[in-house]
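Observations on chain architecture
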Amino acid sequence: MIKGVNKQVLEVTNTENPYFEKIIFFVKPEYGSEDRAKLKKEAETLAKKAGKPPKSRKTKKEICYLISQCALCAGAGAAMTFLLSYFI
């Protein structure tokens, strides 16, 4: 949602980060009249500090699903081993 049209924006395209192509900074209105070089330097400093994005956490439902799939696969493997050893 865009709340204002008259926003000062800084775009950093050289992020020196393999995860991010560009970063867009919205300048606070009270600092809009600040020196452009100072704003640009601050934006580049923050862009360099940007690390890799956080890992997405799995929900309990996804974890339970994975555990049940592993248990079913292990059970199927045990059953196949039993059947093969019984008939051979």
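Computed from a predicted model, the values in this text were never measured in an experiment. (Residues numbered from 1 in each chain as written. Predicted model: local features only at pLDDT ≥ 70, side-chain atom pairs only at ≥ 80, totals over all residues. Heavy atoms only, no water.)

Moving on: the nonpolar core. Counting residues in each nonpolar core, the largest one holds seven residues, listed as Leu10, Val12, Ile23, Val27, Leu39, Ala43 and Ala47. Ranked by residues supplied to this core, first place goes to helix α1 (residues 36–49) with three residues. Once residues within four sequence positions are removed from consideration, alanine 47 is found in contact with Val12, Thr15, Ile23 and Phe25. (Core = buried A, V, L, I, M, F, W, Y, C linked by side-chain atoms within 4.5 Å. Buried < 20%, exposed > 50% of the residue type's maximum accessible area, 1.4 Å probe, protein only. Helix = DSSP H or I, 4+ residues; strand = E, 2+ residues; numbered from the N terminus. Contact = heavy atoms within 4.5 Å.)

In this model α1 runs 20 Å from its N-terminal to its C-terminal C-alpha over 14 residues, within 8% of the 20 Å that 1.5 Å per residue would give. Within α1, burial applies to Leu39, Ala43 and Ala47. Along the long axis of α1, the arc covered by the buried residues comes to 70 degrees, so they all point the same way. Residues of α1 that are exposed and angled more than 90 degrees away from the buried face: Ala37, Lys38, Lys41, Lys48 and Lys49. Where the residues of α1 are buried, they touch β1 (8–12) and β2 (23–27). (Expected span 1.5 Å × (residues − 1). Arc of directions from axis to C-beta.)

Assignment of secondary structure puts glutamate 11 in strand β1. With 77 residues separating them in the primary sequence, glutamate 11 and isoleucine 88 have C-alpha atoms 70 Å apart. When near neighbours in sequence (up to four residues on either side) are disregarded, glutamate 11 contacts Lys22, Ile23 and Ile24.

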